[in-house]
Amino acid sequence: MQMATSTRKDMDRSLPEIIGHLNLLLGEDLGADEDEDVRELFRTGYRLLDLQNRPTAETPSFGAFIYLRDAADITRRLLWIYTQRHGLGAP
């Protein structure tokens with residue numbers, strides 16, 4: 001998704017899917033107890049899931065895009081850790 005070619009409607013449609021994946025990954029044991037980097041990803045992920053930090057109808061498109069980008073980035077990074085910890089191929 002690119003800011004210049006994505007509509008707010010596109011962003012709003014993608015958000016529940018990304019948030020759903022992020023929520024699922026945060027429920028997995030990814031070694032946060034032993035790994036400070038994973039712990040920081042969890043903190044960021046939980047901060048993004050907080051309803052107070054999610055975009056609303058009043059949030060400008062740029063703000064919604066940045067939120068979606070950040071949520072997708074954390075989700076991708078957690079997914080990579082999940083694949084490494086479980087001996088799966090790269091996503």
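Above this text you will find the structure in question.
The structure contained in this document is the topic of the report that follows. No experiment lies behind these values; they were computed from the predicted model shown.

**Section: the packing of aromatic side chains**
What the rule picks out here adds up to one aromatic pair. Taking the centre distance of 6.2 Å and the plane angle of 65 degrees together, the rings of F42 and Y46 count as edge-to-face. Of this pair, F42 and Y46 both sit in helix α2 (residues 36–49), four residues apart, which is roughly one turn of that helix. Relative accessible area serves as the criterion here: at 10%, F42 is assigned to the buried category. Residue Y46 is classed as partly exposed on the basis of its relative accessible area of 45%.

**Some details on the side chain of T59**
If you trace the backbone, T59 turns up in the loop between α2 and α3 (61–85). A distance of 2.8 Å separates a polar atom in the side chain of T59 from the backbone nitrogen of T56. Those residues in contact with T59, other than ones at most four positions away along the chain, are R8 and A64.

Definitions and cut-offs
Counting of residues starts from 1 at the beginning of each chain's written sequence and follows it residue by residue. Where totals are concerned, whole chains, interfaces and linings use all residues; where local detail is concerned, this predicted model gives features only for residues with pLDDT of at least 70, and gives and counts side-chain atom pairs only at 80 or more. Hydrogen atoms and water are omitted, and side-chain values are computed over all heavy atoms in the structure. Each aromatic pair joins two rings of Phe, Tyr and Trp (for Trp, the six-membered one) with centres within 6.5 Å, and gets the label stacked for planes under 30 degrees apart, edge-to-face for over 60, and tilted for any other angle. Only DSSP runs of H or I with at least four residues qualify as helices, and only runs of E with at least two residues qualify as strands; both kinds are numbered from the N terminus onward. For every residue, the accessible area (1.4 Å probe, protein chains only) is compared with the maximum for its type, and the residue is labelled buried under 20%, exposed over 50%, or partly exposed between those bounds. Definition of a polar contact: a pair of N or O atoms within 3.5 Å, with one able to donate and the other able to accept a hydrogen when the atoms are protein atoms, and with sequence-neighbouring residues admitted only if both atoms are side-chain atoms. Contacts between residues were defined by any pair of non-hydrogen atoms, one from each residue, lying within 4.5 Å.

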